[in-house]
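Residues per chain are reported as follows:
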Amino acid sequence: MKILDRRRLIFSFFLTNDNLYDEINQLHLRLLSKYMDRFDEVIFCIIVDYDVKYSVVNELQKIVVNMARKNITFKIYENTNYRESYVLYNEIAMKLSELDGLTFFAHNKGISDTFGKDNVKIWI
């Protein structure tokens, strides 16, 4: 495989104790499952508040592993006001000289229902 043929996905997923089975997150996971096989490597970053239960994190990890069974790395990030931009900064901006091939960044969006679920579904 040529270096430029390498395709990496960095996915940032904000997780709470209650949102894993939210309708919008389930849409994100269905689409992730549909397209995951297009990537050689997946770095799945889970953003959590201090009170998120390990069992909820573990459940999400199992869902993601069952999608692909390939080179998946999980990273846990503490939630900040920067959410997914903190992951983008740490996993891409600070590693530009190290990353080979193509890197695609995605994140779960729309769980706060700011714009209405129908609008968010169209955006996703």
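Right above here is the structure, for reference.
Numbering of residues begins from 1 in every chain and follows the order in which that chain's sequence is written. In keeping with the model being predicted, local features are shown solely for residues with a pLDDT of at least 70 and side-chain atom pairs are shown and tallied solely at 80 or more, while totals for entire chains, interfaces and linings include all residues. The basis for the side-chain values is all heavy atoms of the structure; hydrogens and waters are excluded.

Participant: Honestly, the nonpolar core in this entry has me stumped. Any pointers?
Facilitator: Judged by nonpolar contacts, the single largest core of 21 residues is most densely connected at Phe13, Leu15, Leu32, Phe44 and Leu60. Runs of E in the DSSP output that reach at least two residues are strands. Runs of H or I that reach at least four are helices, and both are numbered from the N terminus. At the level of elements, β1 (7-15), α1 (23-35), β2 (41-48) and α2 (54-68) are the ones that each hand at least two residues to this core. Among the elements that take part in this core, α2 stands out by supplying five residues, more than any other. Contact criterion: two residues are considered in contact whenever any of their non-hydrogen atoms come within 4.5 Å of each other. Sequence-distant contacts of Phe44, that is, excluding residues within four places in its chain, are made with Phe11, Phe13, Leu32, Leu60, Val64, Thr73, Phe74 and Lys75. Within the second largest apolar cluster, eight residues are counted, among which are Ile10, Ile47, Val87 and Ile92. Within this scheme, the nonpolar core is defined by two criteria: the residues are buried Ala, Val, Leu, Ile, Met, Phe, Trp, Tyr or Cys, and they are joined through side-chain atoms within 4.5 Å. Each residue is assigned to one of three classes by its accessible area relative to the maximum for its type, calculated with a 1.4 Å probe on protein chains only: buried under 20%, partly exposed between the two thresholds, exposed over 50%.

Participant: Where do I start with unusual backbone geometry in this structure?
Facilitator: Comment: phi is negative for the bulk of residues other than glycine, and the bulk of peptide bonds are trans. Located in the positive-phi region is Arg83, a residue other than glycine, with phi close to 35 degrees. Relative to the elements of secondary structure, Arg83 occurs in helix α3 (residues 83-91).

Participant: Got a minute to help me understand the packing of α1 against α2 in this structure?
Facilitator: Any two packed helices are characterised by how steeply their axes cross, that is the angle between the axes, and by the distance between the axes. Angular values range over 0 to 180 degrees, each being the angle between N-to-C directions of two axes fitted as lines to C-alpha atoms, with helices fitted over their stretch in contact. Where α1 meets α2, the closest approach of the two axes is 9 Å, and the angle between their N-to-C directions is 30 degrees. It follows from the interaxial angle that α1 and α2 lie roughly parallel. Taken together, the residues of α2 that come into contact with α1 (itself represented by Leu29, Leu32 and Ser33) are Leu60, Ile63 and Met67. Residues are grouped as follows: Ala, Val, Leu, Ile, Met, Phe, Trp, Tyr, Cys and Pro are nonpolar; Asp, Glu, Lys and Arg are charged; all remaining types, including Gly, are polar. Residue composition of the contact of α1 with α2, grouped by class: five nonpolar, one polar and no charged. Note on terminology: angles under 35 degrees are roughly parallel, angles over 145 are roughly antiparallel, angles of 65 to 115 are roughly perpendicular, and the others are oblique.

Participant: Is there a simple way to explain the environment of Ile47 in this structure?
Facilitator: Structurally, Ile47 is set in strand β2. Overall, Ile47 belongs to the buried group, its relative accessible area being 2%. Each residue touching Ile47, except ones within four places of it in the same chain, is listed here: Ser12, Phe13, Phe14, Leu15, Tyr77, Glu78, Asn79, Arg83, Glu84 and Val87.

Participant: Would you explain the pattern of salt bridges in this entry?
Facilitator: A side chain of one charge can pair with a side chain of the opposite charge when the charged atoms of the two come close. Salt bridge, as used here: a side-chain nitrogen of Lys or Arg that lies within 4 Å of a carboxyl oxygen of Asp or Glu. Counted under the stated rule, the structure contains seven salt bridges. For Glu41, the salt bridge goes to Arg8, with nearest N and O atoms at 2.9 Å. Here Glu41, found in strand β2, pairs with Arg8, found in strand β1; they are 33 residues apart in sequence, far enough to count as distant. As far as the burial class goes, Glu41 and Arg8 line up, both buried. In this structure, the salt-bridge partner of Arg38 is Asp37, at a minimum N-O distance of 3.6 Å.

Participant: In this structure, what is going on with α1? I would like to understand it.
Facilitator: Residues spaced three or four apart along an α-helix face the same direction, because each turn holds 3.6 residues. With 13 residues, α1 should cover 18 Å at 1.5 Å per step; its first-to-last C-alpha distance of 19 Å lies within 8% of that length. Of the residues making up α1, those classed as buried are Ile24, Asn25, Leu27, His28, Leu29 and Leu32. Polar contacts, as used here, are pairs of N or O atoms within 3.5 Å; protein pairs need one atom able to donate a hydrogen and one able to accept it. Residues neighboring in sequence count only if both atoms are side-chain atoms. Two to three positions downstream of the cap, the backbone nitrogen of Ile24 sits 2.8 Å from a side-chain oxygen, assigning the N-cap of α1 to Asp22. Helix span, expected: 1.5 Å multiplied by one less than the number of residues in the helix.

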